[in-house]
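# Structure assessment
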Amino acid sequence: MRGRPYTEVNFDGLVGPTHHYGGLSTGNLASTSSTGDVANPRAACLQGIDKMLLVQDLGVQQGLLPPRLRPAIRTLHSLGYRGSPEEILAKCAKANPWLLSKVSSSSFMWSANAATVSPSSDTRDGRLHLTPANLVSKFHRSIEADETFTLLQSIFSDASLFQIHAPLPPQRLFSDEGAANHTRLFHDDEVLHLFAYGQDPLDAQERKPSKFIARQTRQAFEAIAMRHGLNGNIFYLKQCAQGIDGGSFHTDVLAVGSGSTFLVHEHAFEGGRQQLQDIQERAPWFRVAYVHHKDLPLEEAIQSYLFNSQLLHTPEGQILVAPKRCEAFQSVLSVVDGWVQSGVIQKALYVDVHQSMKNGGGPACLRLRVPMSVKEMGALSGKVLLTTELATRLKSWCVKYYRDRLERKDLEDPQLWRTNLECLEALYALLELQFKSTYSST
Ligand code: SUG
């Protein structure tokens, strides 16, 4: 990695106790097709912890971000619901059960959408900069933005090393989904930042998806690159409208990169290979493993979630941590085999994150990559870096508080709410982080 002492810390979002299938994300095919299914929050959280342990075992530093309190009574309060939390839940369940599902989503677990990250090696003031995503495209996700801001401020609290920016203005022009659309590649001392966007609202000529909305705008990333004082080669890539209509609601559904390697499906970006070739002219070391639709049809790329794998730089070489579902697709296995044969990756490992996958969240969605120096890691507040001991404690905590069955109708249960409050208080104490237990909006 550029400036060798940098380590990539993968901060996974811990699955929350209200993980359920709300069908809340149009354009995310897994989310809509799982609508109303019975979820198992306990299994979801344990699957996430096991994935973290696997990554840590591969020699990659693992961190975590704790869940936020759900149902988000404070959001209901801001929408005019009044009374005790129990009364508010009952009123909302009666008046608008769909809203209750939205304010109960555990969507913060997909931490690839938590923020955009610029490591201190790449910024003009030599500090690590993070901008929490405003997530304005989906209401249930937009409520994460100010919570993520507060959480990141409490973890990255040393202002001499870190700057946590406020989320961008919550407007369509600055619609931002965070690191899921940003890839940082490097080779020796050179760095490339690939910012992918689905929409440029100021471009009247642009080709738009016809079925689903594009979530990320170019203007959002331009603002982030500016406020972070980002150095290096910056490229803005246009997501392919056909890919978005096929279910690629974030770039990381059809592309993943690490080091100098970029694995890309033909329908990830407009114009197929052209935008990537332009980059290669500026950075000949930029290595693209390009997968044609004829070898892996778009539908199978999306269903398998192959490109939502983690591509990890390990002492053994590049290892692909792919969703277990990939094993069911012959086309995917052939592509992976080709990557191994040609030395693009050392090997692939398949992980079971089925509970998250059913909501459109594969291994890569569950993590936020933060390249950090040893000094920066030492300056983090709270116990957010994973150890085997912490993982064991997290598992016991999860088994104690999480249900193994949750449906949308359970969200109105006041006992669920009370247990969640206790559950999060216990977790934040375990992680030595301050828990903001205020749940009214005023
Ligand atoms: O924003 N799903 C998330 C999945 C996010 C995946 N992240 C990345 N690709 N980086 C979303 O669409 C579904 C919730 C529900 O339907 O209950 C949801 O929010």
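Refer to the structure printed above.
Residues numbered from 1 in each chain as written. Predicted model: local features only at pLDDT ≥ 70, side-chain atom pairs only at ≥ 80, totals over all residues. Heavy atoms only, no water.

### Here we look at the site of the ligand
Near the ligand you find 22 residues, and of these Leu24, Ser25, Ser31, His140 and Asp252 are the closest. Interatomic distance of 3.5 Å between a backbone N/O atom of His20 and an oxygen atom of the ligand. The contact in question runs from a nitrogen atom of the ligand to an N or O atom on the side chain of Asp252, over 2.7 Å. About the coverage of the ligand: the protein hides 100% of its 490 Å² of free accessible area. Looking at the shell around the ligand, its residues break down into seven nonpolar, twelve polar and three charged. (Near = heavy atom within 4 Å. Polar contact = N/O pair within 3.5 Å; in protein donor to acceptor, adjacent residues only side chain to side chain. Areas by Shrake-Rupley, 256 points an atom, 1.4 Å probe, with all protein chains shown as cover. Nonpolar A, V, L, I, M, F, W, Y, C, P; charged D, E, K, R; others polar.)

### Description of the pairing of strand β13 (residues 317-323)
Among the seven residues that make up β13, six are buried, leaving the element largely enclosed by the rest of the structure. As paired elements, strand β12 (residues 310-314) and β13 share five bridges and run antiparallel to each other. From the neighbouring strand, Thr314 faces β13, where its bridge partner is Gly317. The antiparallel hairpin formed by β12 and β13 contains two residues in its connecting segment. Where β13 and strand β14 (residues 347-351) come together, five bridges link them in parallel fashion. Bridged to Ile319 within β14 is Lys347. In terms of handedness, the path from β13 via helix α12 (residues 330-341) over to β14 forms a crossover that is right-handed. (Buried < 20%, exposed > 50% of the residue type's maximum accessible area, 1.4 Å probe, protein only. Helix = DSSP H or I, 4+ residues; strand = E, 2+ residues; numbered from the N terminus. Pairing = 2+ DSSP bridges. Right-handed = clockwise from strand over helix to strand, strands pointing away.)

### So, the side chain of His129
Structurally, His129 can be placed in strand β4 (residues 128-132). Look at His129 and you get buried, because its relative accessible area is 2%. Within the structure, His129 has its side chain in polar contact with the side chain of His165 (distance 2.8 Å). Sequence-distant contacts of His129, that is, excluding residues within four places in its chain, are made with Thr116, Val117, Ser118, Thr123, Gln163, His165, Arg227 and His228. (Contact = heavy atoms within 4.5 Å.)

### Topic: the sheet that holds β12
The strand order β12-β13-β14 describes an open sheet built from three strands, whose pairing is mixed. Lying at the two open borders of the sheet, with one neighbouring strand each, are β12 and β14. Along the sheet, successive strands turn relative to each other by an average axial angle of 30 degrees, direction set aside. Sitting on the sheet, α12 is in contact with β13 and β14, with an inclination near 145 degrees to β14. (Axes fitted to C-alpha atoms, helices over the stretch in contact; angles between N-to-C directions.)

### Examining the pattern of salt bridges
Under the counting rule described, the total for this entry stands at 23 salt bridges. Note that Glu147 and Arg74 form a salt bridge whose closest N and O atoms lie 3.3 Å from each other. Here the residue Glu147 occupies a position in helix α7 (residues 145-155), and Arg74 occupies one in helix α3 (residues 73-78), the gap between them amounting to 73 residues. Here Arg74 falls in the partly exposed class, since its relative accessible area comes to 23%. Across the pair Lys294 and Asp295 runs a salt bridge whose closest N-O atoms are separated by 3.5 Å. Relative accessible area serves as the criterion here: at 41%, Asp295 is assigned to the partly exposed category. Taken together, the shared-partner salt bridges in this structure form one network comprising Arg70, Arg74, Asp146 and Glu147. (Salt bridge = Lys/Arg side-chain N within 4 Å of Asp/Glu carboxyl O.)

### Observations concerning the packing of helix α15 (residues 388-401) against helix α16 (residues 414-431)
For the pair α15 and α16, the least separation of the axes is 10 Å and the interaxial angle reads 170 degrees. Considered as vectors, α15 and α16 are oriented roughly antiparallel to each other. Contacts between α15 and α16 involve Leu390, Arg393, Leu394, Trp397 and Tyr401 from the first element and Thr419, Glu422, Cys423, Ala426, Leu427, Leu430 and Leu431 from the second. Taken together, the residues of the contact of α15 with α16 sort by class into nine nonpolar, one polar and two charged. (Parallel < 35°, antiparallel > 145°, perpendicular 65-115°, else oblique.)

### Regarding the environment of Leu333
Within the element layout of this structure, Leu333 appears in helix α12. Residue Leu333 is classed as partly exposed on the basis of its relative accessible area, which comes to 27%. A sequence separation of 97 residues divides Leu333 from Tyr236, and the C-alpha atoms of the two residues are 31 Å apart. If we skip the residues at most four places from it in the chain, Leu333 touches Cys326, Glu327 and Tyr350.

### A closer look at the nonpolar core
Counting residues in each nonpolar core, the largest one holds 114 residues, and the members touching the most others are Phe156, Phe286 and Trp339. At nine residues, the largest contribution of residues to this core is made by α16. Beyond its immediate chain neighbours, meaning those up to four positions away, Trp339 contacts Leu263, Ala289, Val291, Leu306, Phe307, Leu320, Val344 and Ile345. (Core = buried A, V, L, I, M, F, W, Y, C linked by side-chain atoms within 4.5 Å.)

### Some details on unusual backbone geometry
A cis amide bond links Arg70 with the next residue in sequence, Pro71, at an omega value of -5 degrees. Mapping Pro71 onto the fold places it in the loop between β2 (62-65) and α3. With phi around 50 degrees, Leu135 is a residue other than glycine that occupies positive phi space. When its relative accessible area of 1% is taken as the criterion, Leu135 is described as buried. In this structure, Tyr305 takes a positive phi of about 65 degrees despite not being glycine. As for its position among the elements, Tyr305 is in the loop between α11 (298-304) and β12.

Purely geometric stuff here, so don't read any function into it on its own.
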